[in-house]
Amino acid sequence: MEQALSTPQIDFRPDLLDRREKLLAYTRTRPGDESLSRLLSEVDAALDRLEAGTFGYCETCHDPIEPERLAADPLARFCLGDMSPEEQRALEADLESAARIQKAHLPRLDREIAGWDFAFAFEPAGPVGGDCCDVLTHEGSDEVTFLLGDVSGKGVPAAMLASSLHATLRSLAGPGLSVGSLVERANRLFRAGSVSRSFATLVCGRTRAGGSLEICNAGHCPPLLRSEGSIREVAPTGLPVGTFLSVAYGSHELRLAEGDYLVAFTDGLTEARDSNGEEYGSERLAALLASLDRPSARAVVDACLADLDAHAGGAREDDLSPLVVRRAPGGAPAPR
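Because the structure is predicted, anything quoted here is derived from the model rather than measured.

1. Notes on the pairing of strand β2 (residues 116-120)
Along β2, 5 of the 5 residues are buried, which leaves the element largely enclosed by surrounding structure. Burial along β2 is two-sided: the face carrying W116, F118 and F120 and the face carrying D117 and A119 are both buried. Here β2 pairs with strand β11 (residues 322-327) via 5 bridges, running antiparallel. Its bridge partner lying in β11, F118 is registered against V325.

What follows is the structure in structure tokens.
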């Protein structure tokens, strides 16, 4: 029986109409440009497919086009399996370039910053991923802002949204601004600028000399704090970013002694499964952290990855990004 076709859940019409309007304006400045005319024809054809109810289906096999591919290129007419060899090579080259760009934007860590020790790892499930991470210093201030985000979805669309969220947070972050206010502003911009219904969970924090740490958890996996030999979770203080346009975000005020550390992570860590389908889980992670004897931030990250590999055998179904923030020994005492 012939499969009934339906329009994809994401409404691509506003994006396609916006592209068409911009192309028409540009063609007026460059009359006779065949490349612009071809691109305009492709946009018109995509709009026609929306009207006919065939948008998002491969013209060769008639199966749905991969959502990640369609979100990255709404003009796509073929699924990955039916692309020509030339198209496949071009896509592979684009993915390799995207992976290099994404890795180039990761922070250079494994060093002490203003009395704090930071370390992280970034292991996307594919060439690119939807996780973002950064550690930002501020000129003339001993404050350090850190963030770890996880955008819904996978692949190129998630990576594009993660890059947008990352850039937004970098542009807004500054000394003296509470992390709750920072995330609130980033949420408005992310929600207003997103063409899809994507959202992101986010941990955003700020360290200060003396051991104080302020942290906002926007619907993210609760980070684990090891302090004075015990392990506790840092609960969410607000909804995921992009859920609603106007959301208020609170924060936790923590104080870390020398050697205490915070472990933030994306769900690619705790939701990784072994061959029997058992999740790694936050309890196993907590037990691992409790077993470590005053490690460096890098040693904590390495221990997490090694224990995860022992559990899951190196299999990756989701992006994985642990971030460790540790108060380095020898810092000034915390103000009372």
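2. Description of the nonpolar core
Formed by 25 residues in total, the largest nonpolar core has its most connected members in L285, L289 and V300. Mapped onto this core, the elements with two or more residues apiece are β10 (261-265), α8 (281-291) and α9 (297-312). Here this core gets 8 residues from one element, more than from any other, and that element is α9. If near-sequence neighbours (up to four positions away) are discounted, V300 is found in contact with Y261, V263, L289, L292, P295 and V324. The next biggest cluster of nonpolar side chains, apart from the first, holds 24 residues, and it includes V151, L161, L169 and Y249.

3. Topic: the state of the cysteines
For the structure shown, the criterion picks out 0 disulfides. Residue C61 stays outside any disulfide, its sulfur separated by 3.7 Å from that of C58, the closest cysteine. For C61, a relative accessible area of 32% puts it in the partly exposed group.

4. Details of the pattern of salt bridges
Under the counting rule described, the total for this entry stands at 13 salt bridges. Across the pair D44 and R20 runs a salt bridge whose closest N-O atoms are separated by 2.5 Å. Note that D44 is positioned in helix α2 (residues 34-52) and R20 in helix α1 (residues 13-29), a separation of 24 residues in sequence. Residue class for R20 comes out partly exposed when judged on its relative accessible area of 28%. For E279, the salt bridge is made with R273, and the minimal N-O distance between the two is 3.2 Å. For R273, a relative accessible area of 43% puts it in the partly exposed group. Residues joined in a network through salt bridges with shared partners are E143, R206, R208 and E214.

Rules behind the numbers
Residues numbered from 1 in each chain as written. Predicted model: local features only at pLDDT ≥ 70, side-chain atom pairs only at ≥ 80, totals over all residues. Heavy atoms only, no water. Buried < 20%, exposed > 50% of the residue type's maximum accessible area, 1.4 Å probe, protein only. Helix = DSSP H or I, 4+ residues; strand = E, 2+ residues; numbered from the N terminus. Pairing = 2+ DSSP bridges. Core = buried A, V, L, I, M, F, W, Y, C linked by side-chain atoms within 4.5 Å. Contact = heavy atoms within 4.5 Å. Disulfide = S-S within 2.5 Å. Salt bridge = Lys/Arg side-chain N within 4 Å of Asp/Glu carboxyl O.

Purely spatial values, then, with no claim about function.
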